[in-house]
Amino acid sequence: MNKIFKIATLISKEKVGDLTAAEQQYLHEWKSKNERTYRLASDSKQIQKKHELYDKIDPEKSWNKITNNIPELRTKVIRLRTVMKWVALIVLPLLATTYVLNEVYWGKNQVVVEAGSPKATLELSNGEIIYLEDYQGRDIKSGKEKLASNVDNVLVYQKGDVADEVLHYNTITTPTQGEYSASLSDGTKIWLNAQTKIEFPERFGKGKREVRLISGEAYFEVTKNEERPFIVLLSNGSEVEVLGTRFNVMAYKDEAEIQTTLVEGKVRFGMMDEEVLLAPGEQSGMNTETGEVQVREVKTNIYTAWVNGKFVFNREPMESVLRKMSRWYGVKVICDDEAVLKRRISGVTDRYEDIYKFISLIEEISPIELDLEDDYLIVSRKVK
């Protein structure tokens, strides 16, 4: 609690430009680690709400109310008359800021769950592991040879083909709450969603270009080369073959389908002797249990929205929505109501907002209630 009061004091002093150099440095270091908390605690609307609340009620009752919620202030010997002298300029804004901070840190409904962000591990062919989010602005090397650069959360491989046809493979893995992007040696660009693992050669050979999507979801913009098809191999033995195109492949192990969504160009989706050709605006869905493949027309922006920082749902089952929330926000979902899981919802929200924006959207457009307790998301029907 001492720290909360100290931070609240510094935020209040910052607003009136009264920080010393040492205080400014202390607050800067705290802000860098608690960006969301700082935004909430310094939000003028939040502080004004608390300010107006205290201003409307009896001063002595107000002081008692505040000290009940902020125990730290009980130990401060301050005469009520002295408090009231400064209440308009200093004390109420300070107490309001402290109250907001107190709610953020200790409030039952203020669990801080951040959205995902760029982070991934890169495993080189020699087994070395590199944490890419901590390796910004640096070159990736194998011995003295430069393989790639890692700048602004994009891994860019050196262009060119291997001379001896011996391929050396790298693997990128994004965790829960992670994403990353890469540009391969042929110029093909890949965006990786959360919980995704992909294997690819440091440099392609002279023939076909193959990468292996082991699990997860990836969006591809393939460099066109009619003589060297680009092939995405999937863990169930199926594959996607293209010449030059933009498409999305979703192959999470906990999903009922492997989906390939074509935005531009042409692709062939196949497994053993069965194959389908997709045109722009079409999606193939392979049932992971039966192997049956269906082709359907879709609005591709729904399935590629994540690349542009959005969640877009169009009558999507709640069960699927919750899986996406779990991957992106790192929460464990608890729901034993089959009717809730099967309910379909539609909506759009920013992927980089904290989880409360997502929760508000779902509760606004459906009779579903979501309660966040620590890292558990408890889902149920609203009580009428």
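Reading the values: rules and limits
Residues numbered from 1 in each chain as written. Predicted model: local features only at pLDDT ≥ 70, side-chain atom pairs only at ≥ 80, totals over all residues. Heavy atoms only, no water. Pairing = 2+ DSSP bridges. Helix = DSSP H or I, 4+ residues; strand = E, 2+ residues; numbered from the N terminus. Axes fitted to C-alpha atoms, helices over the stretch in contact; angles between N-to-C directions. Contact = heavy atoms within 4.5 Å. Buried < 20%, exposed > 50% of the residue type's maximum accessible area, 1.4 Å probe, protein only. Expected span 1.5 Å × (residues − 1). Salt bridge = Lys/Arg side-chain N within 4 Å of Asp/Glu carboxyl O. Phe/Tyr/Trp six-rings, centres within 6.5 Å; stacked < 30°, edge-to-face > 60°. Lys NZ or Arg CZ within 6 Å of the ring centre and 35° of its normal. Core = buried A, V, L, I, M, F, W, Y, C linked by side-chain atoms within 4.5 Å. Parallel < 35°, antiparallel > 145°, perpendicular 65-115°, else oblique.

**Q** Please clarify how the sheet that holds strand 23 (residues 368–373) should be interpreted in this entry.
**A** Hydrogen bonds along the backbone pair up the strands of a sheet, which may run parallel or antiparallel. The three strands are arranged 21-24-23 in an open sheet whose pairing can be described as mixed. Where the open sheet ends on each side, the last strands, each with one partner, are strand 21 (332–334) and strand 23. The sheet shows a mean angle of 25° between the axes of neighbouring strands, taken without regard to direction. Taken together, the three bridges between strand 21 and strand 24 (residues 376–381) define a ladder with parallel strand orientation. In the strand pairing of strand 24, Val333 is matched with Leu377. Docked against the sheet, helix 10 (residues 355–365) engages strand 23 and strand 24, running at close to 160° with respect to strand 23.

**Q** How should the pairing of strand 24 be read in this particular structure?
**A** On a regular strand, each side chain points to the face opposite its neighbour's, so the side chains alternate between the two faces of the sheet. Bridging between strand 23 and strand 24 involves six bridges; their strand directions are antiparallel. Looking at strand 24, one finds that Glu369 is bridged to Ser380. In sequence, strand 23 turns back onto strand 24 through a hairpin of two residues, with Asp374 there showing a positive phi of about 55°.

**Q** Where do I start with the side chain of Arg351 in this structure?
**A** Following the sequence through the fold, Arg351 ends up in the loop between strand 22 (344–350) and helix 10. Since its relative accessible area comes to 1%, Arg351 is described here as buried.

**Q** How should I be thinking about helix 8 (residues 318–329) in this particular structure?
**A** Helical geometry note: an α-helix holds 3.6 residues per turn, so side chains three or four residues apart project in the same direction. The first and last C-alpha atoms of helix 8 sit 16 Å apart over twelve residues, in line with the 16 Å expected at 1.5 Å per residue. Downstream of helix 8 by a residue or two, Gly330 has a phi angle that is positive, lying close to 70°.

**Q** Can you help me understand the pattern of salt bridges in this one?
**A** Opposite charge on two side chains allows them to pair when their charged atoms are near. Summed over all chains, the structure comprises 21 salt bridges. Three or more residues are tied together by salt bridges with common partners; here these are Asp254, Glu255, Glu319, Arg323 and Arg327.

**Q** Is there a simple way to think about the packing of aromatic side chains in this case?
**A** The description of an aromatic ring pair rests on the distance of the ring centres and on the angle between the ring planes. The final tally for this structure, using the stated rule, is ten aromatic pairs. Here the aromatic rings of Phe311 and Phe313 are separated by 6.0 Å at their centres, their planes lie at 15°, and the arrangement is stacked. Note on accessibility: Phe311 and Phe313 belong to one class, buried. Judged by centre distance (6.1 Å) and plane angle (70°), the rings of Tyr329 and Phe358 are edge-to-face. With Tyr329 in helix 8 and Phe358 in helix 10, this residue pair connects regions lying 29 residues apart in the sequence. We classify Tyr329 as buried; its relative accessible area is 2%. Grouped by ring-pair contacts, the aromatic residues Phe204, Phe220, Phe230 and Phe247 constitute a single cluster. Here the basic side chain of Arg327 rests over the ring of Tyr252, its NZ or CZ set 3.6 Å away from the ring centre. Across the ring face of Tyr376, the terminal group of Lys332 is positioned such that the distance to the ring centre comes to 5.4 Å.

**Q** Looking at this structure, I do not really get the environment of Arg138. What am I missing?
**A** Considering the arrangement of structural elements, one finds Arg138 in strand 4 (residues 138–142). Between the C-alpha atom of Arg138 and that of Asn150, which follows or precedes it by twelve residues, the distance is 5.7 Å. Not counting residues up to four positions away in its chain, the partners in contact with Arg138 are Ala148, Ser149 and Asn150.

**Q** I tried to follow the nonpolar core on my own but got confused; where do I start?
**A** One broad rule of soluble globular proteins: the nonpolar side chains tend to lie buried together. In terms of nonpolar packing, the biggest core is built from 39 residues, with Leu155, Phe220 and Phe247 touching the most fellow members. Per-element accounting of this core gives the leading share, four residues, to strand 11 (residues 209–221). In this structure Phe220 touches Lys189, Ile190, Ile198, Val211, Phe230, Val232, Thr245, Arg246, Phe247 and Val249, once residues within four positions along its chain are discounted.

**Q** Help me understand the packing of helix 8 against helix 10 in this model?
**A** The packing of two helices is summarised by the inter-axis angle and the distance between the axes. Put simply, helix 8 and helix 10 touch, their axes get as near as 12 Å, and they point 170° apart. As summarised for this structure, helix 8 and helix 10 are arranged roughly antiparallel, according to the angle between their axes. Contacts from Met318, Val321, Met325 and Tyr329 in helix 8 reach Ile355, Phe358, Ile359 and Ile362 in helix 10.

**Q** What exactly am I supposed to notice about the environment of Tyr135 here?
**A** Positionally, Tyr135 belongs in the loop between strand 3 (129–131) and strand 4. Between the C-alpha atoms of Tyr135 and Asn153, which are 18 residues apart in sequence, the distance is 9.1 Å.

**Q** Just to check I follow, could you spell out the side chain of Thr300 for this structure?
**A** When you line up the elements, Thr300 lands in helix 7 (residues 300–304). The class of Thr300 is buried, set by a relative accessible area of 19%. With near-sequence residues (within four places) excluded, Thr300 lies in contact with Thr261, Leu262, Val263 and Gly281.

Remember that the coordinates give geometry; whether it matters functionally is a separate question.
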